[in-house]
Amino acid sequence: AEKQKESYKSLFENIRVGLIRTSIDEGHIIQANPACAEMFGFEDLDVFLHTSIKDLYKDPQDRKQHRAKLLRNGKLNHAVLQMRNINNKPLTIAVSSTLHYEDNLPIWIDSTIQDISKQKRAEERLAMNSVVFEHTLEAVVISDENHKILTVNKAFIDMTGYTKKEVKGKDFSLLWGDPEENNQCDIVLEGLNKEGSWEGEIFKRHKEGHKFPVNLS
């Protein structure tokens, strides 16, 4: 039993996920592991243990709402909360919490905490890039390493008459009107492989059959 206790202690102290126990009312931190303290910017675990979790919420109302949901359900999984560290730097964290009772009264909350700030920023950038991709006036084609088309934007659809479904998975040579009549496709691919980029004019064939010149980069 003592060996198992030491094993749990080692896991608690060394796991990189934040583990924390807080009081139900005032949010006093009863117990936490070093990873949790580091997540909130505390170098000293003892200092962190003398902090109220309420002071680390970006908006105090979020703590009240989180607590109310926990009191109703007894458990919450992967709730996303906006918090801040000791230096007032914003943190986006994912929290899974379980309410513990004593004599049928809620007394503390055990939680696992993960900092997902980088993930959320990446998602926001991706969403912003997606908006730009769809609304730019230039036709954009994204292909894989085998030169198969993955997706196109609205400007491409408007310019060529093809739908996303019609071009997805098709060869990059679809960009040319008559790839059999010239070696433009090979020249472009060779430039991409050697230099990482290519720019010039090609002729594109519209879905309805007519050709038109376009600048490709």
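Please refer to the structure placed before this passage.
Residues numbered from 1 in each chain as written. Predicted model: local features only at pLDDT ≥ 70, side-chain atom pairs only at ≥ 80, totals over all residues. Heavy atoms only, no water.

Focus on the sheet that holds strand β4 (residues 90–102)
Argument step 1. Pairing in this open sheet of 5 strands is antiparallel, and the strands run β2-β1-β5-β4-β3 from one edge to the other. Of all strands in the sheet, those with a lone pairing partner are β2 (29–32) and β3 (75–84), marking the two edges. Adjacent strand axes in the sheet meet at a mean angle of 30° when their direction is disregarded.
Argument step 2. When strand β1 (residues 18–23) meets strand β5 (residues 105–115), the two strands line up antiparallel, connected through 6 bridges. (Pairing = 2+ DSSP bridges. Helix = DSSP H or I, 4+ residues; strand = E, 2+ residues; numbered from the N terminus. Axes fitted to C-alpha atoms, helices over the stretch in contact; angles between N-to-C directions.)

Digging into the packing of aromatic side chains
Argument step 1. Tallied over the full model, the rule gives 2 aromatic pairs.
Argument step 2. Seen from their ring centres, Phe40 and Phe48 are 5.9 Å apart, and the 20° between their planes marks the pair as stacked. We note that Phe40, like Phe48, is buried.
Argument step 3. Each ring, one from Phe42 and one from Phe48, has its centre 5.0 Å from the other, and the planes form 55°; the classification is tilted.
Argument step 4. We classify Phe42 as buried; its relative accessible area is 7%.
Argument step 5. A network of ring pairs unites the aromatic residues Phe40, Phe42 and Phe48 as a single cluster. (Phe/Tyr/Trp six-rings, centres within 6.5 Å; stacked < 30°, edge-to-face > 60°. Buried < 20%, exposed > 50% of the residue type's maximum accessible area, 1.4 Å probe, protein only.)

Details of empty space enclosed by the protein
Argument step 1. What the rule picks out here adds up to 1 cavity of 30 Å³ or more.
Argument step 2. Empty space within the largest cavity amounts to approximately 140 Å³.
Argument step 3. In this structure, the largest cavity is lined by 15 residues; those nearest its centre are Thr22, Ile53, Tyr57, His66 and Ser111.
Argument step 4. Elements that contribute at least two residues to the lining of the largest cavity include exactly β1, α4 (60–73), β3, β4 and β5.
Argument step 5. Grouping the constituent residues of the lining of the largest cavity by class yields 9 nonpolar, 4 polar and 2 charged. (1 Å grid on protein atoms, 1.4 Å probe; cavity = no way out; pocket = protein on both sides within 12 Å on 5 of 7 lines; lining within 4 Å. Points joined across faces, edges and corners; volume = space filled by probe spheres on them. Nonpolar A, V, L, I, M, F, W, Y, C, P; charged D, E, K, R; others polar.)

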